[in-house]
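Spelled out from the first residue to the last, the chains are:
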Amino acid sequence: RPKDGLANGAWIGFGVGAGLGLLSSVGSSGDCGGYVCLGGPRWVILSTLVTGAIGTAIGVGVDALIHRERILYRKTPGSHTRVAPLVGPDRVGGAVAVSW
């Protein structure tokens, strides 16, 4: 049975988190109209990495909660195999019957 690791959830979470952080920091790095505001390239990088880390944690958590049963082979209920001896005054042997 193939295993599903948590890496894909981590990468997806990082991408979403970093994207949201990048959008929010670029949108808020302009003129703040007299209020204290954080801006500049350092703020963009910092907020992108922080929200990316938060997104990674959320992505790993969500991926850990997903459990899928991956069935590679399932036996059908109608298949049967029968083996019977053939013994008689003039023969000795066996018979095998397979049905599905």
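Please refer to the structure higher up on the page.
Since the model is a prediction, treat every value here as computed from it, not as a measurement. (Residues numbered from 1 in each chain as written. Predicted model: local features only at pLDDT ≥ 70, side-chain atom pairs only at ≥ 80, totals over all residues. Heavy atoms only, no water.)

Engineer: I keep staring at the environment of valine 16 and nothing clicks. Help me out?
Structural biologist: Considering the arrangement of structural elements, one finds valine 16 in helix α1 (residues 7-27). Its relative accessible area of 49% is what places valine 16 among the partly exposed residues. Linking valine 16 and glycine 52, residues 36 residues apart in sequence, is a C-alpha distance of 7.2 Å. (Helix = DSSP H or I, 4+ residues; strand = E, 2+ residues; numbered from the N terminus. Buried < 20%, exposed > 50% of the residue type's maximum accessible area, 1.4 Å probe, protein only.)

Engineer: Explain the side chain of serine 47 here, please?
Structural biologist: Examined against the element boundaries, serine 47 turns out to sit in helix α2 (residues 41-65). A polar atom in the side chain of serine 47 sits 3.2 Å from the backbone oxygen of valine 44. With residues up to four places along the chain from it excluded, the contact list for serine 47 reads Gly21 and Ser25. (Polar contact = N/O pair within 3.5 Å; in protein donor to acceptor, adjacent residues only side chain to side chain. Contact = heavy atoms within 4.5 Å.)

Engineer: Explain α2 to me, please; I cannot follow it from the model alone.
Structural biologist: Think of an α-helix as turning once every 3.6 residues; residues three or four places apart then point the same way. Spanning 25 residues, α2 covers 36 Å between terminal C-alpha atoms, matching the ideal 36 Å at 1.5 Å per step. Burial in α2 covers these residues: Val44, Ser47, Thr48, Gly52, Gly55, Gly59 and Asp63. (Expected span 1.5 Å × (residues − 1).)

Engineer: I would appreciate a short explanation of the environment of leucine 22 in the present structure.
Structural biologist: Position of leucine 22 relative to the elements: it lies in helix α1. Along the chain, leucine 22 and serine 47 lie 25 residues apart, while their C-alpha atoms are 6.9 Å from each other.

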